[in-house]
Amino acid sequence: MRSSRALALVGLGAGILWTGPAAASGLSTARFGGERGTPMDVNSTSIFYNPGALGSLRGIDLFLDVNAAWRTADYERAAPPGCEAGADPAGCDVPQEVPEPADAPGANNGRASLTNFAAAPMVGAAAGGNVSEDIRLAGGLAFFVPFGGQSSWDQNDAFANSSSYAGPVDGVQRWYSIDGILRTLYLSSAFAVGISDYVSIGISGGIAITQSQTARARELSGNNSIDLEGRALLDASSIDPHLGGGVLVTPLGNQDLRIGVSYQAPTGFNGAKAKGLLYRFDGAGNLSGNEPGTDDVEVDFNWPDIIRLGVGWRATKNFEARLFGDFTRWSLFNDNCVVVAGIDCEINDDGSVADTVADSNDVVVNTPRRWNDAFGIRAGASYWIIPAVELQLGLGYDSNAIPDRTLGPDLLDFHDVSVALGGKFQIIDELFLSAAYTQFFYIPRNTTDTNASNTFAAPSAQPYAGGNYSQSIGVLNVYVQAQFDPFSDPPPSTPATTD
Amino acid sequence: MRKRPFVTFLCAGSLLLGASGCPDPQGQFDDFQRRFEVIGPKQVAGLCLSEQPDPMVSGSYFFSLTPTVSPDKPAPFIADVQTDGSEFTFTLTPVNADDRSTIVTMTAQGDPVMPQTFGPFLVEDGVSTVELVDAFVPGDSNPLSENNLTVQATLEMAFCADDPSILCGTFAANVTAPFALDLAGTFAFEARENDMNPEPPVVDCDGRQAAPF
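Predicted model, so just to flag it, every value in this text is computed and none were measured.

Undergrad: What is the right way to look at the pairing of strand 17 (residues 431–442) of chain A in this model?
TA: Along any regular strand the residues' side chains alternate between the sheet's two faces. All names here are of chain A. Looking at chain direction, strand 16 (residues 416–428) and strand 17 are connected through 12 bridges and run antiparallel. If you follow Gly423 over to strand 17, its bridge partner there is Ala435. Hairpin connection between strand 16 and strand 17: a loop of two residues separates the two successive antiparallel strands. Bridging between strand 17 and strand 19 (residues 468–484) involves 11 bridges; their strand directions are antiparallel. Pairing of Ala435 across the sheet is with Val478, part of strand 19.

Undergrad: Just checking my understanding: could you explain the side chain of Gln483(A) for this structure?
TA: Relative to the helices and strands, Gln483(A) resides in strand 19. Here Gln483(A) falls in the buried class, since its relative accessible area comes to 5%.

Undergrad: Quick question: what am I supposed to make of the nonpolar core here?
TA: The tendency in soluble globular proteins is for nonpolar side chains to be buried side by side. Counting residues in hydrophobic clusters, the biggest one holds 73 residues, and the most contacted among them are Leu27(A), Phe48(A), Leu54(A), Trp303(A), Trp330(A) and Trp371(A). Not counting the four nearest positions on each side in its chain, Trp303(A) is found in contact with Leu27(A), Phe147(A), Leu182(A), Thr184(A), Thr210(A), Pro266(A), Thr267(A), Ala272(A), Trp330(A), Leu332(A) and Phe333(A). Grouped together as the second largest cluster of nonpolar side chains are 29 residues, Tyr61(B), Ala75(B), Val123(B) and Val151(B) included.

Undergrad: Could you clarify how one ought to interpret the state of the cysteines in this entry?
TA: Any covalent bond linking the sulfur atoms of two cysteines counts as a disulfide. Counted under the stated rule, the structure contains two disulfides over all chains. With its disulfide-bonded cysteines labelled consecutively along the sequence, chain A is connected as 1-2, 3-4.

Undergrad: Any chance you could explain the pairing of strand 9 (residues 293–301) of chain A here in plain terms?
TA: All names here are of chain A. Burial runs high along strand 9: seven of the nine residues are buried. Taken together, the nine bridges between strand 8 (residues 272–281) and strand 9 define a ladder with antiparallel strand orientation. Bridge pairing in strand 9 links Lys275 to Glu298. Where strand 9 meets strand 12 (residues 335–340), three bridges bridge the pair, whose relative direction is antiparallel. When the sheet's bridge partners are listed, Glu298 is paired in strand 12 with Val339.

Undergrad: Would you mind showing me how to read the pattern of salt bridges here?
TA: Opposite charge on two side chains makes pairing possible when the charged atoms of those side chains draw close. All names here are of chain A. Using the criterion set out here, one finds 24 salt bridges over all chains in the structure. In this structure, the salt-bridge partner of Glu35 is Arg378, at a minimum N-O distance of 3.3 Å. One end of the pair, Glu35, is in the loop between helix 1 (2–9) and helix 2 (46–49); the other, Arg378, is in strand 14 (residues 374–386), and 343 residues separate them in sequence. With a closest N to O distance of 3.1 Å, Asp335 and Arg370 form a salt bridge. Of this pair, Asp335 sits in strand 12 while Arg370 sits in the loop between strand 13 (363–368) and strand 14, and the two are 35 residues apart along the sequence. Across the pair, Arg370 and Asp335 agree in class, each one buried. Salt bridges sharing common partners tie together Arg36, Asp41, Arg258, Glu320, Arg322 and Glu390.

Conventions used here
Residues numbered from 1 in each chain as written. Chains lettered and ligands numbered in written order. Predicted model: local features only at pLDDT ≥ 70, side-chain atom pairs only at ≥ 80, totals over all residues. Heavy atoms only, no water. Pairing = 2+ DSSP bridges. Helix = DSSP H or I, 4+ residues; strand = E, 2+ residues; numbered from the N terminus. Buried < 20%, exposed > 50% of the residue type's maximum accessible area, 1.4 Å probe, protein only. Core = buried A, V, L, I, M, F, W, Y, C linked by side-chain atoms within 4.5 Å. Contact = heavy atoms within 4.5 Å. Disulfide = S-S within 2.5 Å. Salt bridge = Lys/Arg side-chain N within 4 Å of Asp/Glu carboxyl O.

Right, dumping it as structure tokens:
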């Protein structure tokens, strides 16, 4: 047992290796509701963006939303000086770097690409109405995916039929990611109270399901030797609570001017600990045999908390302007630590196991993230060419959460600018159809001289991940919304008063 | 780059079902195993194994234990190996890491340092898994610090077909005293005409040498 744990300890664990279509900072994917998914709009998406806004809802709102995204990404890696293919390993003084053998140039260095498609649904329902002249009550229920995604990297043709090496066909990025899924699904309810025509407050809560299934290449000691290359597969999940709250202020006593602010606590409050299995295939690194191993493990996911603020102003009958943003504490996403089930993980700054962990063997592997807080800001406008047709335009910026030193092909982030164009159409009195396309323009990154992923101590040691990164994402948001008010006469508000 | 048109097709199709993409981590994991099983023997040869390895020879070897965090400076020992071909035992005598030519007989605290014997270990098809239980590394042999260490280590050992005078492999270890620390790296037993030769020893199966002084 000690032997197997020790082997697992030194590296045949799996880090967290998802690279999904994050459409905001870090791993945030919440774009449901499109240009109307904001902290100051009143619809079922408010359950996540600002439950306080629900307090302004009069009637019933049913929401069915799909975000369909395409994504391309590239990672190009060059061998560090002295570590070129065929070089004498003694001349390669870069930690965790092993020169490619002379007969395998391109195994670890070169370009990796992916082209992926993904879709994320959101379903929500909310209802609200007056219980007295000045008091409104509202509630809602929704399912959505606020964080995560998936990736599947292209294979490396040059090694497709290799008779010498089993690993390089999975691409030069494989030491961080081959295929991966990481996502958190929310099943959330909300309750809100509207006080007069000026203020409404609300809270939301429910369960969050975190799922991670990832495959990556690993070598026992954390280097990138293709002679000793193995594989690790992590399959884990958890169910944790989540909680949020918010306020919507309408200073004019109507929906023409709306100011929303909300707070979403970290999933699981102190992080999510996913339980599952780590499958290991030691590859040639385990000379005594190459049988797969399986360990019961737990993985730490420290999701961030989010503060949102937004203002919407219906300036004229035909025009509305919106400005909103979020501040996301991705600095909580510190270490993705894989431990033997039942053990709490604590990692020192240098990547080593803290003394507070009784048996350091119980920490199988750790992937240092050390992310930074990030923010996003979006400006939007709507113009109604007729009351039933709303045209939408949006511009956005998202800051980058991942520092150069820990950026790897498994989880990508960039500074980005987004442009959205869409429309919302009133099909019949109670039914709306919305479609908006958002193109994200990511500023490429070069971390050749600034990446330090390979400098962490065991069990956080992993190969150097410096190189050139680029990415493009396009998201098509489509939703169908039904709004009606069976509780009062005349029925439902027009698009001019609620979203 | 080879695309995955079928996978891409499925992913695109999954949009119609509201699915969120279709990476296949389990499939990738299984695919590697299948490829490895086909290619395995050649990879093994690259790891200094052969299908018919040369028999292990009893004798004295220069033994280098090289953590990945100290790739150019190993912990050096003299290893006296005794083997009958199917099993082997070895005795480690620590050497000063700063000169690779001085036997360490006493710790900096004045305690005597005695050679330690490990084994017997079974050799099958030229490979062996060696467990070093409570191996003592005096501070003078420690390439990372001047601390005396007590180490539990697992060595995955193979014969080098290219050079029968070298036994090599990888190790995983955890230091249990004076503090907990996890280490991994490579090791090599190198047959040398003069064990106390300070020349840089071989430290891994690729034939890489330690840095000269």
